[in-house]
Amino acid sequence: MTFSYVDDRIGTFTLRPLDPEADAALLHPWVTHPKAAYWMMQDADVATVAAEYRKIADSPHHDAFVGMLDGTPCFLVERYDPARAELVGLYEPQEGDVGMHFLCAPTDTPVHGFTRAVITTVMHWLFTVPAHRRVVVEPDVRNTAVHGLNLAVGFEPAGTITKPEKDALLSFCTREQFEAAVTRGAAQ
C-alpha cells in the first residue's frame, strides 16, 4: 500500500499504484459510467482504458492510483506535474504545485459523506510529500458537484481556462487552506 488514512465515519482508505493491464477491467465500468461523463471516456473499451493508463504509467510527470475503502477498490486518483502535463502554458506554475484528478466508482448503495472523505484522503496523501505546497485542479466548469467538494476542502477558484477538451475552473489549495478546511469540517 502506498498510503493509508482513517476516516472515523467511513473507514480506512488506502491507495496503491494502478497497474494499467491488471486494473483496466476494474476501471472500465467506472470511467464509462454516465456519472463519469466529465472523465471523457464514455465510449472506451477495456483495451482503450488500459492504453490510456499505460500512457500515464509511462509518463515521468503523471501517475495513477487505485483507492480502496477497507480493502475494496472504489476510487481512482491521478497525480500530475501541472507545469509539465495537463496545464502547460495555461497558468503560471509555482514551485511545489501538484495536479490531481479523482473519480469515485459508481455504486447502487451510496454512503453519505463518501466522496468528501475520498477527496480529503487524496489531499492528505498529496500533502504527505513535503515538496507539495499547492494542489491544482481543473474540473469542467459544468461539474458543479466537484466544485462544491473542492471548496469544502479549501480550494479557491482562480478563473476559467480553456483546455482542448473543456472549459475548466482552475482552482488552487495550499496546505494551510486544506488544514483550515479540515478543521472547520471537523467542528461541524
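Everything numeric in this text was worked out from a predicted model, so none of it was measured.

Turning our eyes to something else, we now look at the overall build of the protein chain. Check the secondary structure of the protein chain and you find five helices and eight strands. Counting from the amino terminus, the protein chain carries its helices and strands in the arrangement β-β-α-α-β-β-β-α-β-α-β-β-α. Relative to a compact globule of 188 residues, whose C-alpha radius of gyration would be 16 Å, the protein chain shows 16 Å and is just as compact. Overall, the protein chain is about 40 × 40 × 30 Å in size when its C-alpha atoms are taken along their principal axes. The buried share among the 188 residues of the protein chain stands at 48%. Look at the contacts in the protein chain between residues 6 or more apart in sequence, and 59% of them connect residues 24 or more apart.

Once that is clear, we can look at the pattern of salt bridges. When their charged atoms lie close together, side chains carrying opposite charge are able to pair. Applying the stated criterion across every chain, the model contains 13 salt bridges. When the shortest N-O distance is used, the salt bridge between Arg-79 and Asp-63 registers 2.5 Å. On the criterion of sequence distance, the pair formed by Arg-79 in strand 4 (residues 72-80) and Asp-63 in strand 3 (residues 62-69) is long-range, its members being 16 residues apart.

A few words on the nonpolar core. The biggest cluster of nonpolar side chains holds 30 residues, and the ones touching the most others in it are Phe-75, Val-77, Met-100, Phe-102, Met-123 and Val-135. Only strand 2 (11-17), strand 3, strand 4, strand 5 (97-104), helix 3 (114-126), strand 6 (134-137) and helix 4 (144-152) provide two or more residues apiece to this core. Looking at this core, the element that brings in the most residues is helix 3, giving eight residues. Leaving out residues up to four positions away in the same chain, Val-135 has contacts with Val-98, Met-100, Met-123, Leu-126, Phe-127, Phe-155, Ser-171, Phe-172 and Cys-173. Counting residues in hydrophobic clusters, the runner-up holds 19 residues, among them Ala-44, Val-49, Val-66 and Met-68.

What follows deals with the packing of helix 1 (residues 20-31) against helix 2 (residues 46-58). Angle between the axes and distance between the axes: these two values describe a pair of packed helices. Two elements in contact, helix 1 and helix 2, have axes whose closest approach is 8 Å; the angle formed by their N-to-C orientations is 120 degrees. In terms of axis orientation, helix 1 runs oblique to helix 2. In this structure, helix 1 meets helix 2 at a crossing whose hand is right-handed. Across the interface between the two elements, Pro-20, Glu-21, Ala-24, Ala-25, Leu-27, His-28 and Val-31 from helix 1 touch Val-46, Val-49, Ala-50, Tyr-53, Arg-54 and Ala-57 from helix 2.

Now for the sheet that holds strand 5. The mixed open sheet is built from eight strands, whose spatial order is 1-2-3-4-5-6-8-7. Two strands close off the open sheet at either side, each with one partner strand: strand 1 (3-7) and strand 7 (156-162). Here the average twist between neighbouring strands, direction ignored, is 30 degrees.

How each quantity is defined
- Residues numbered from 1 in each chain as written.
- Predicted model: local features only at pLDDT ≥ 70, side-chain atom pairs only at ≥ 80, totals over all residues.
- Heavy atoms only, no water.
- Helix = DSSP H or I, 4+ residues; strand = E, 2+ residues; numbered from the N terminus.
- Rg over C-alpha atoms; globule rule 2.2 N^0.38 Å.
- Buried < 20%, exposed > 50% of the residue type's maximum accessible area, 1.4 Å probe, protein only.
- Contact = heavy atoms within 4.5 Å.
- Salt bridge = Lys/Arg side-chain N within 4 Å of Asp/Glu carboxyl O.
- Core = buried A, V, L, I, M, F, W, Y, C linked by side-chain atoms within 4.5 Å.
- Axes fitted to C-alpha atoms, helices over the stretch in contact; angles between N-to-C directions.
- Parallel < 35°, antiparallel > 145°, perpendicular 65-115°, else oblique.
- Left-handed = near helix turned anticlockwise from the far one by under 90°.
- Pairing = 2+ DSSP bridges.

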